[in-house]
Every structure is written in structure tokens, then in C-alpha cells.
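Breakdown of the fold
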Amino acid sequence: VYEEEFSYNRAFDFSADSKMIAYVRFDESQVPMYSFPWYKGMAPEKTEYTTYPGSYDYKYPKAGVVNSKVSVHSFDIKSRVTRKMELPVDSDGYVPRIKFTDDPEKLAIMTLNRHQNRFDLYMANPRSAICKVAIRDEAEQYIKEQAYSDITFYPEHIVMMSERDGYNHLYLYTIGGNLVKQITKGEFGVKDFLGPESKRFLLHQQRRKPLAHCGVQD
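Because the structure is predicted, anything quoted here is derived from the model rather than measured.

Concerning the confidence of the model for the protein chain
- In this model, the protein chain carries an average pLDDT of 89, and 90% of its residues clear a pLDDT of 70 or more.
- For the protein chain, the element scoring lowest by mean pLDDT is helix α3 (residues 200–203), at 54; strand β6 (residues 82–84) scores highest, at 98.
- Between residues 203–208, whose pLDDT stays under 50, and residues either more than four places distant or in other chains, the model counts eleven contacts.

Examining the layout of surface pockets
- Its boundaries defined by the atoms lining it, the largest pocket holds a volume of some 320 Å³.
- Lining the largest pocket are 18 residues, and of these V1, Y2, E3, E28 and K59 lie nearest its centre.
- Put simply, the parts of the chain that give the lining of the largest pocket at least two residues each are α1 (2–6) and β4 (54–59).
- Looking at which element gives the most residues to the lining of the largest pocket, the answer is α1, with three residues.
- Here the residues of the lining of the largest pocket are counted per class, giving ten nonpolar, three polar and five charged.
- Reported here for the second largest pocket is a volume of approximately 220 Å³.

Focus on empty space enclosed by the protein
- One pass over the full model with this rule turns up one cavity of 30 Å³ or more.
- Along its surface, the largest cavity is lined by 13 residues, and K144, A147, S162, E163 and N168 are the ones closest to its centre.
- At the level of secondary structure, the elements contributing two or more residues to the lining of the largest cavity comprise β10 (131–138), α2 (146–149) and β12 (157–162).

Looking at the packing of aromatic side chains
- Under the defined criterion, the tally for this structure stands at 15 aromatic pairs.
- Measuring from centroid to centroid gives 5.3 Å for Y56 and Y58, while their planes differ by 40°, and the two rings are tilted.
- On the basis of relative accessible area, Y56 is assigned to the partly exposed category, the value being 37%.
- One aromatic cluster is present, built from ring pairs that chain together Y2, F6, Y8, F26, Y94, F119 and Y148.
- Above the plane of the ring of F12 lies R10, whose end atom (NZ or CZ) is 4.3 Å from the centre.
- Between R164 and the ring centre of Y171, over which it is positioned, the NZ or CZ distance is 4.3 Å.

Topic: the sheet that holds strand β13 (residues 169–174)
- Pairing in this open sheet of four strands is antiparallel, and the strands run β11-β12-β13-β14 from one edge to the other. Of all the strands in the sheet, just β11 (152–153) and β14 (179–182) have a single pairing partner and so form its edges.

Here's the deal with the pattern of salt bridges
- For the coordinates displayed, the defined rule picks out ten salt bridges.
- Notably, a salt bridge pairs K106 with D103, separated by 3.3 Å at the nearest N-O pair.
- A relative accessible area of 29% means that D103 is categorised as partly exposed.
- The salt bridge partner of K144 is E163, with a shortest N-O separation of 3.2 Å. Pair noted here: K144 is in the loop between β10 and α2 and E163 is in the loop between β12 and β13, with a separation of 19 residues, a long-range link.

Regarding the pairing of strand β7 (residues 94–100)
- When you tally the buried positions in β7, you get six out of seven residues, the bulk of the element.
- Note: β7 against strand β8 (residues 107–112), five bridges, orientation antiparallel. Note on β8: the bridge partner recorded for R97 is M110.
- Remark: six residues form the turn of the hairpin made by β7 and β8, two consecutive strands paired antiparallel.

A look at a nonpolar patch on the surface
- The grouping of F12, F14 and I77 at the surface amounts to a nonpolar patch, some 250 Å² of accessible area in total.
- Here F12 is to be found in strand β1 (residues 12–14).

Structural notes on the nonpolar core
- Formed by 38 residues in total, the largest nonpolar core has its most connected members in V72, I98, I109, F119, F153 and I158.
- Not counting chain neighbours up to four residues away, the residues in contact with I158 comprise L121, M123, I135, I151, T152, F153, Y171, L172, Y173, T174 and I175.

Reading the values: rules and limits
Residues numbered from 1 in each chain as written. Predicted model: local features only at pLDDT ≥ 70, side-chain atom pairs only at ≥ 80, totals over all residues. Heavy atoms only, no water. pLDDT = per-residue confidence, 0-100. Helix = DSSP H or I, 4+ residues; strand = E, 2+ residues; numbered from the N terminus. Contact = heavy atoms within 4.5 Å. 1 Å grid on protein atoms, 1.4 Å probe; cavity = no way out; pocket = protein on both sides within 12 Å on 5 of 7 lines; lining within 4 Å. Points joined across faces, edges and corners; volume = space filled by probe spheres on them. Nonpolar A, V, L, I, M, F, W, Y, C, P; charged D, E, K, R; others polar. Phe/Tyr/Trp six-rings, centres within 6.5 Å; stacked < 30°, edge-to-face > 60°. Buried < 20%, exposed > 50% of the residue type's maximum accessible area, 1.4 Å probe, protein only. Lys NZ or Arg CZ within 6 Å of the ring centre and 35° of its normal. Pairing = 2+ DSSP bridges. Salt bridge = Lys/Arg side-chain N within 4 Å of Asp/Glu carboxyl O. Patch = residues over 30% accessible without salt bridge, like charges linked within 9 Å, V, L, I, M, F, W, Y side chains within 5 Å. Areas by Shrake-Rupley, 256 points an atom, 1.4 Å probe, with all protein chains shown as cover. Core = buried A, V, L, I, M, F, W, Y, C linked by side-chain atoms within 4.5 Å.

See the structure below:
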């Protein structure tokens, strides 16, 4: 589900000082099994299924059934201590991304509810395991992947996308989650954030415009 819906295949990250590893643990014990027939085929060729087909079985949660239960952990490389983050994620919720910021004491944990219309960005301390919600974004239908895949962290700021005003635009927050300003506005959608025009963009509350790839949104 994570690879298919969230384009996600790396459920761990290293701290900026390389002393800690954070990772997502998936408990699939209650997820039903799914299977489909596997034939000989050609690329790759499965000769063991030449006469009779085999099957491929794996855990797959269809709509309405039990999801894997997720939790986030940190591992101290030197002391070999593992800690479970005190993350209030829903029992059927998702953790589509985790990412260490430039501060090794701040781990960004991004969560979605089962309907994928509520996004929470938590800042977690990988040593104390305490998590505090920094940013919440909600949508009537669903939160698009860019909201959590294209978040950019700076030492003191966060730049993220949201469709809260009806169009996909850039928003600037402090690293603690306080909204500084909506960077782009108008009847168009931002497709990509390329970065600040200069360091002054982040030093003086963004008096200069960011570089963004914008397009018309239907």
C-alpha cells in the first residue's frame, strides 16, 4: 500500500550527525492474505509453473479491512538503544514519510488518517520520544502526495504545499510550526518548489519571491 499509494519505499532516515536512525515499523499480523496465480510467463520465465500455475501470496489490505499498524522508532547507533516514539497516530492511520531535519534532535513524522484527508506533521525528539504536532492540514476530499513528499526543511523554517484556499500554493512556517505567510497566491496551482531565490528569502521573513514551477489548475 505504501509503495502504491504514497510512492514510498524507504521507511528509515539518518540524523544529520549520523548518530541516530529513525524507522517505521509495520505490524501486518492482522492484515488478510491476498493471492493471485503465477504462470510460466516470459519475462521472467518461471519454468516451475510450466505445467501447473503457482501462486503469489502476500499481505494486502483491501478497502475496509484491517491495515498494518505502524509505529515510529529511533535507534541510537552508539548505545544501541531503541525507543518508540510517543506518536498519537490512528490505529488505522498511515505514516507516509519520516525525515530528520538539520537538527538531529528534531525528527519530522508525517501522518495521514485512513481517509487521507487529514495530514499532521509532528516534530519528535528521537531521544526523549516526545512528539508534538507542528502543522495540521485538512482537505474535503484528500491530501495530495505533494503535501508530504515535497516538504522542504531549513534550519529555522519549513516550506510546504497546500490546497487550503482552493489552489495548490506554497506556505512558509517556522520550524516549530507557526505560519509565517502564504508565499504564493492566485488562481493557479504550484507544481513544484525549486528553492529560495537567495538566503535573504529565509533570513528576512521572505521579502523576496521563491522560485516555483506554476501551472494552471483545472
